[in-house]
Amino acid sequence: MDETQLRAVVGAAIADAEDHVEAEILNFAADADDLYLGQPLGNEVEGRSQVVDRATMDAIEWMIPQFMRMFHGSDQPVAFEPAGPEDEAVAQQATQYVGYIYNRDNDGMAITETVLRSALLYRYGVAKRWWD
């Protein structure tokens with residue numbers, strides 16, 4: 001495969017991903033916000049009950065603490081496994097370093113909670129981190 005073919009394949013994959021986000025995710029996000037906040041849905045009938053349901057928010061807020069315990073039950077957000085006995089010290093050091101960076105240098109709890117809430121409400125949760 002030459003560079004032109006590779007660019008075409010990658011370009012098609014990017015276009016498919018963008019179409020999916022626009023068609024599936026963004027349209028759902030506005031409705032999800034309304035459901036979460038208990039806003040009227042716009043299909044109410046005049047003269048009938050205008051009660052709104054906050055079950056979506058209740059369910060999400062009930063699940064968040066349970067998921068947080070799963071991901072932040074210890075100080076180690078990730079654990080590196082050694083490939084062999086000679087790598088045990090390096091794996092332990094990497095585990096401690098990543099835990100320090102995620103929890104101390106960054107607000108790891110807030111990042112995890114935001115990603116979880118987004119995943120539960122919008123069907124996707126993404127955290128983008130970089131070092132400059």
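Scroll up a little and you will see the structure.
A brief structural summary. (Residues numbered from 1 in each chain as written. Predicted model: local features only at pLDDT ≥ 70, side-chain atom pairs only at ≥ 80, totals over all residues. Heavy atoms only, no water.)

**Examining the nonpolar core**
Here is step 1 of the chain: A29, A32, Y36, I60, I64, M68, L116, L121 and Y122 form the largest nonpolar core, which has nine residues in total.
Here is step 2 of the chain: Of all the secondary structure elements, the ones that give two or more residues to this core are α1 (3–37), α2 (55–72) and α4 (108–122).
Here is step 3 of the chain: Beyond its immediate stretch of four places on either side in the chain, L116 contacts I64, F67, M68 and F71. (Core = buried A, V, L, I, M, F, W, Y, C linked by side-chain atoms within 4.5 Å. Buried < 20%, exposed > 50% of the residue type's maximum accessible area, 1.4 Å probe, protein only. Helix = DSSP H or I, 4+ residues; strand = E, 2+ residues; numbered from the N terminus. Contact = heavy atoms within 4.5 Å.)

**Regarding the environment of V90**
Here is step 1 of the chain: Examined against the element boundaries, V90 turns out to sit in helix α3 (residues 88–105).
Here is step 2 of the chain: V90 sits in the exposed class, given a relative accessible area of 55%.
Here is step 3 of the chain: Residues V90 and F80 lie ten residues apart in sequence; the distance between their C-alpha atoms is 8.8 Å.

**Things to note about the packing of α2 against α4**
Here is step 1 of the chain: Packing of α2 against α4 leaves a shortest axis separation of 9 Å and a crossing angle of 135 degrees. What the angle tells us is that α2 and α4 run oblique. α4 is crossed by α2, and the crossing has right-handed handedness. The segment α2 lies against α4, with T56, I60, E61, M63, I64, F67, M68, F71 and H72 engaging G108, M109, T112, E113, L116, R117, L120 and L121. (Axes fitted to C-alpha atoms, helices over the stretch in contact; angles between N-to-C directions. Parallel < 35°, antiparallel > 145°, perpendicular 65-115°, else oblique. Left-handed = near helix turned anticlockwise from the far one by under 90°.)

**Digging into the pattern of salt bridges**
Here is step 1 of the chain: Tallied over the entire structure, the rule returns three salt bridges.
Here is step 2 of the chain: Linking E3 and R7 is a salt bridge whose minimum nitrogen-to-oxygen distance equals 2.8 Å. With a gap of four residues between them, E3 and R7 both fall in helix α1, about one helical turn apart.
Here is step 3 of the chain: According to the relative accessible area criterion, E3 is exposed, its value standing at 51%. (Salt bridge = Lys/Arg side-chain N within 4 Å of Asp/Glu carboxyl O.)

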